[in-house]
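These are the residues of each chain, in order.
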Amino acid sequence: MEAAVFLPRSYQPELVLLSIAVAILAGYAALDLADRVYAAQRRYAWIWLAAGAVTLGSGIWSMHFIGMLALILPIHMNYAPLPTALSWLMAVAASAAALRLACRPRLDHATWLAGSVVMAIGIVSMHYTGMYGMEIEPGIVYRPVWVVFSVLVALTGSAAALGLSFALREVRARLRTLKKSAAAAFMGAAIAGMHYAGMAAAQFPAASQGLAAGGVDKTWLALLISSLSVVLLAATLLASALDRRLETQTAELIASLQAANEQLRHSSYHDALTDLANRKLLDERLDREIGYVARRGGGFAVFYVDLDGFKLLNDNLGHRAGDEVLERVANAMRDTMRDNDTVARMGGDEFVVLAVGADGMADIDTLAHRLLMAIRQAGGTMPGLSASIGWARFPDHGASPQALITAADRAMYHAKHNGKNSYVGYRPEMARRAEDEFNLQRELGQALGAGDIVVYYQPKYRPADGTLSGAEALVRWHHAERGVITPDRFIPLAERSGQIDELEGVVLDSVCAQIRRWRDAGLAVPQISVNLSAARVSDPRLPGLVRRHLDRYGIEPRSLMFEITESVAIKGMLEAINTLKRFARMGVDVALDDFGTGHSSLSYLEKLPIQQLKIDRSFVRELGASMPQQAAIVSSIVTLAHNLGLGVVAEGVETEEQLRYVTELGCDEMQGYLFSRAVPAEDFSRLLVGGRYGERGVSRSPDAGRAAPAQAPEYG
Ligand code: C2E
Ligand code: CA
Ligand code: CA
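Rules and cut-offs
- Residues numbered from 1 in each chain as written.
- Chains lettered and ligands numbered in written order.
- Predicted model: local features only at pLDDT ≥ 70, side-chain atom pairs only at ≥ 80, totals over all residues.
- Heavy atoms only, no water.
- Helix = DSSP H or I, 4+ residues; strand = E, 2+ residues; numbered from the N terminus.
- Rg over C-alpha atoms; globule rule 2.2 N^0.38 Å.
- Buried < 20%, exposed > 50% of the residue type's maximum accessible area, 1.4 Å probe, protein only.
- Contact = heavy atoms within 4.5 Å.
- Areas by Shrake-Rupley, 256 points an atom, 1.4 Å probe, with all protein chains shown as cover.
- Lys, Arg positive; Asp, Glu negative; His and termini not counted.
- Charge placed at Lys NZ, Arg CZ, Asp CG, Glu CD.
- Near = heavy atom within 4 Å.
- Polar contact = N/O pair within 3.5 Å; in protein donor to acceptor, adjacent residues only side chain to side chain.
- Nonpolar A, V, L, I, M, F, W, Y, C, P; charged D, E, K, R; others polar.
- Donors = N, O, S within 2.8 Å, 3.2 Å for Na, K, Ca; no water.
- Patch = residues over 30% accessible without salt bridge, like charges linked within 9 Å, V, L, I, M, F, W, Y side chains within 5 Å.
- Salt bridge = Lys/Arg side-chain N within 4 Å of Asp/Glu carboxyl O.
- Pairing = 2+ DSSP bridges.
- pLDDT = per-residue confidence, 0-100.
- Arc of directions from axis to C-beta.

### Describing the overall build of the protein chain
Of the regular secondary structure elements, the protein chain holds 24 helices and 22 strands. The globule rule puts the C-alpha radius of gyration for 716 residues at 27 Å, and the 50 Å found for the protein chain is more than 25% above it. For the protein chain, the C-alpha atoms occupy an extent of roughly 160 × 55 × 50 Å along the three principal directions. Counting the 716 residues in the protein chain, one finds 49% classified as buried. Excluding contacts between residues fewer than 6 apart, the proportion of contacts in the protein chain whose partners are at least 24 apart in sequence is 74%. Accessible surface computed for the protein chain: about 33800 Å², of which carbon and sulfur atoms make up 58%. In the protein chain, which carries 70 positive and 75 negative side-chain charges, the distance between the mean positions of the two groups comes to 5 Å.

Following this line, the structure appears as structure tokens:
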């Protein structure tokens, strides 16, 4: 029945395939453009929108038009220009609406629905307007069910397309192209589905007639339109790809700029070696914390950490090893503190820690203890790596970052003086001392130039016969206002400030010059001992300097002896041994001073090229009937030293009882207030004439423990 009423129809399969391919390409372009329009900066967005709408609309339209051309009817058919153009416009308008929606930052349900409806209306009207353009008499009869179905396909297709374009935004890189292609295939199918459903809705009455004869060949027209639209779509895709590349490049550039900026910012706030905070960052954090605590109440602590013995370690093991130690120490401190605390490196082997949580004095002490332990552990097998730590608390000890750091620094110096390897809290009287120290350091510089640094001599005697065996040169500072300042006050200071080189140069020169003068006066001068600080012993220039002095004053090497301390010999071992060997070759003797106070093993003595051992006065002080084990220790030291061929000197002999013990135990020489304090060179000249203690110029002090010998003023 139907067959009689309506024209039979079929489709040209190549054109159907072509139309579907165009639909898929249009779908791909749609997703791509949606992406571009969304990503483009505001200024260019509308260009992308307009160009995109035209391309996409043309793509969809040509799909539809090719689909119509694919229809084979037994009559000839033409297309009216106006409805055809109108249908193209509608496709463009629907595309514009779709792309406009795709620019939105988010897609809520209402917009999604409204957008899908608008798009569907656009597509449906494009289709049916296009169909209306078919010049055919009588008109097409539509099957309502198929029409409704085609509208539904258009609606779901639009909804899916919109949803997909939003969903794909979140998808990254590689997966994106794949997913986009799949989505494009789906959209192409939806567009084509809509079209062919619409075509299925149309029925052409059997009496239909094409209105005009002739016209363009359908296949050629289809090819022309499809090529045009493919070219258009491809061009747009290419432009979009280029634009995307440009955008990625720009984004990469911006990202690398940001990374570089971040890097710069980081390095301007951190120490390069340890990656700890630097001074600048520390100051900022301190400022912030001060502000915070000032508002909220409470307190916080600042620790000043200075490594003990690092300089020696660095000099001996090399800078590489030194850096490694610093890094290990830095990590150990970082691990000890909490995340919002700040560990900063001030340079060299000095660190400052800001502990925001530490408030109570007991807490702060505990933290200082933990830091100290961590640092010692970080030292690993390094001999004797430890630290001196001073701390200050806000608000008690300072109101500004600078004041707090200075206070902690002063407390740290205190810890250094108290035998290192310890921690000390700040006390106000330290401020005065620090100022004192600063002034003293300045004045020492002047004193060195002005000849206010003077050498005193303390005699040494042989217990066996009481004859003079030598003297120790001990430096004094004749200060215009403060009187005579003893070395304990300024030697450590000179060591810290680097003035020790100059100071010891002055001492050496003045000792050599004095020996020359005594000789010239016809006096027999015994060996004079000169103290050397740790820093000097490892200085390779030292032996040369000594040589020049001996030559200049024309004195033989045996006239001099150097005293070095145990700790020097151990810590700066390699350099020290080098220096000692050169002294041995030159014929200058060396004594190991303050023996027993360090931690050297006795067996170590064997390896040192030295001639003498000075037993520290702390041992001598405890010699007596009440301390028999002390006598036993000294006795074994003396025996060992003698076995090694070393002479033994007992320091700090103050009483007759000590003198007796020292003599009994077999010491070779002795030195102490019982015989004489250190005296100026002129006074020492008289001792040179005397020879034995208690004779001539030498007056034994009646109450040697407290009073000075008659001739020696109370300097030493
Ligand atoms: P030291 O080398 O152990 O020198 C011995 C110190 O003990 C001297 O103190 C001396 O006056 C003191 N003394 C001597 N006999 C007795 C005694 O019976 N009882 C007591 N209680 N003390 C006694 P001084 O002169 O104050 O020197 C202190 C330290 O300063 C010296 O200790 C030495 O380490 C250092 N020193 C002195 N002169 C120089 C120098 O020219 N260069 C260097 N690097 N250090 C020096
Ligand atoms: Ca000494
Ligand atoms: Ca000593």
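So that's the structure; there's more coming.
### Remarks on the site of ligand 1
In the neighbourhood of ligand 1, 23 residues make up the surrounding shell, with Q458, E504, R617, E654 and Y673 lying closest. E504 is positioned such that a nitrogen or oxygen atom in its side chain is 2.4 Å from a nitrogen atom of ligand 1. A distance of 3.3 Å separates an oxygen atom of ligand 1 from a polar atom in the side chain of D594. Relative to its unbound accessible area of 790 Å², ligand 1 is 88% covered by the protein chains. Elements that contribute at least two residues to the shell around ligand 1 include exactly β14 (468-479), α15 (487-497), α16 (500-520) and β18 (589-595). A class-by-class count of the residues in the shell around ligand 1 yields eight nonpolar, six polar and nine charged.

### Focus on the coordination of the calcium ion (ligand 3)
Protein ligation of the calcium ion (ligand 3) involves D593 (OD), D594 (OD), E651 (OE) and E651 (OE), the donor distances falling in the range 2.0 to 2.6 Å. Here the donor residues for the calcium ion (ligand 3) map to a single chain with the spacing D-D-x56-E. Separating the calcium ion (ligand 3) from the calcium ion (ligand 2) is a gap of 3.9 Å, bridged by D593, which donates to each.

### Regarding the environment of R433
Topologically, R433 is positioned in helix α14 (residues 429-450). Among the residues examined, R433 registers a relative accessible area of 48% and is labelled partly exposed. Each C-alpha atom of the pair R433 and R410 lies 8.6 Å from the other, and the pair is 23 residues apart in sequence.

### Some thoughts on the coordination of the calcium ion (ligand 2)
E472 (OE), N531 (OD1), E563 (OE) and D593 (OD) make up the full set of protein donors to the calcium ion (ligand 2), lying at 2.1 to 2.3 Å. Spacing between the donor residues of the calcium ion (ligand 2) along their common chain follows E-x58-N-x31-E-x29-D. Classification of N531 as partly exposed rests on a relative accessible area of 25%. Take E563: its relative accessible area is 1%, and that puts it in the buried class.

### Points about a nonpolar patch on the surface
On the surface, L113, V117, I121, V148, L152 and L155 cluster together into a nonpolar patch covering about 530 Å² of accessible area. At the level of elements, α5 (109-132) and α6 (144-169) are the ones that each hand at least two residues to the nonpolar patch. Checked against the element boundaries, L155 lands in helix α6.

### Notes on the pairing of strand β8 (residues 300-308)
Of all nine residues that make up β8, nine are buried, and the element is covered over most of its length. Burial of β8 is two-sided: the residues F300, V302, Y304, D306 and D308 facing one way and the residues A301, F303, V305 and L307 facing the other way are all buried. As judged from the nine bridges shared by β8 and strand β11 (residues 386-394), these two strands associate in the antiparallel manner. When the sheet's bridge partners are listed, D308 is paired in β11 with S386.

### Remarks on helix α24 (residues 681-690)
The buried fraction of α24 amounts to seven of the 10 residues, a majority that puts the element mostly inside the structure. By the burial criterion, the buried members of α24 are A681, D683, F684, S685, L687, L688 and G690. Looking at the buried positions of α24, the neighbouring elements they touch are β13 (453-461), β14, α16 and β22 (679-680).

### Looking at the pairing of strand β9 (residues 342-347)
In the sheet, β9 pairs with strand β10 (residues 350-355) via five bridges, with the strands oriented antiparallel. Of the residues in β10, the one forming a bridge with A344 is V352. Between β9 and β10, which pair antiparallel and follow one another directly, the connecting turn spans two residues, one of which, G348, has a positive phi of 55 degrees.

### Quick word on the confidence of the model for the protein chain
Looking at the protein chain, pLDDT values average 85 and 91% of them are 70 or higher. Here residues 696-716 scores under 50 on pLDDT; set against residues more than four positions off or in separate chains, the count is 49 contacts.

### Considering helix α23 (residues 656-664)
Three or more residues of α23 are buried, namely Q658, L659 and V662. Along α23, the residues classed as buried sweep out an arc of 105 degrees about the axis, all on the same side.

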